[in-house]
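# Working through the structure, step by step
Here is how the chains run, residue by residue.
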Amino acid sequence: MQKHNILVVGTTNTSESNLYQKKLNLPLALVMGSESTGIRYLTRKYCDELVSIPMYGCISSLNVSVATGICLFEIMRQEKFYNII
């Protein structure tokens with residue numbers, strides 16, 4: 001994917017930067033891990049960026065389908081916002 005200029009973005013709960021701090025330009029590939037173990041080490045190693053979803057309150061992680069929906073919404077929100085300006 002990187003050979004074709006596709007940004008590879010992985011999600012992890014240990015990343016210093018969160019989903020809303022990064023400019024997520026299309027085209028990109030989104031790598032999601034499991035709720036319990038996250039992204040495997042070798043998969044994480046090949047990501048260009050690692051982002052987390054900010055969590056508030058007592059919830060420490062999200063179901064992968066919910067997390068994917070949040071990430072996709074933010075990617076499309078940014079795409080619409082940056083294409084208008």
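One structure accompanies this document, and this report is about it. (Residues numbered from 1 in each chain as written. Predicted model: local features only at pLDDT ≥ 70, side-chain atom pairs only at ≥ 80, totals over all residues. Heavy atoms only, no water.)

Let us now look at the nonpolar core. Counting 9 residues, the largest nonpolar core is built from Val-9, Leu-19, Leu-24, Leu-28, Val-51, Ile-53, Ala-67, Cys-71 and Ile-75. Excluding its chain neighbours within four sequence positions, the residues that come into contact with Cys-71 are Thr-11, Leu-19, Leu-30, Met-32 and Ile-53. (Core = buried A, V, L, I, M, F, W, Y, C linked by side-chain atoms within 4.5 Å. Buried < 20%, exposed > 50% of the residue type's maximum accessible area, 1.4 Å probe, protein only. Contact = heavy atoms within 4.5 Å.)

Taken together, the side chains of Tyr-41, Leu-42 and Tyr-46 define a hydrophobic patch exposed on the protein surface, amounting to about 410 Å² of accessible area. Relative to the assigned elements, Leu-42 resides in helix 1 (residues 41-45). (Patch = residues over 30% accessible without salt bridge, like charges linked within 9 Å, V, L, I, M, F, W, Y side chains within 5 Å. Areas by Shrake-Rupley, 256 points an atom, 1.4 Å probe, with all protein chains shown as cover. Salt bridge = Lys/Arg side-chain N within 4 Å of Asp/Glu carboxyl O. Helix = DSSP H or I, 4+ residues; strand = E, 2+ residues; numbered from the N terminus.)

The next subject is the side chain of Glu-74. Relative to the elements of secondary structure, Glu-74 occurs in helix 2 (residues 64-84). With a relative accessible area of 3%, Glu-74 lands in the buried category. At 2.8 Å, the side chain of Glu-74 and the side chain of Arg-77 are in polar contact. Within the local environment of Glu-74, its side chain forms a polar contact with the side chain of Gln-78, the two groups lying 2.8 Å apart. Those residues in contact with Glu-74 that sit more than four places away from it in its chain are Leu-19, Tyr-20 and Leu-24. (Polar contact = N/O pair within 3.5 Å; in protein donor to acceptor, adjacent residues only side chain to side chain.)

Without other data, these values stay purely geometric and don't point to any function.
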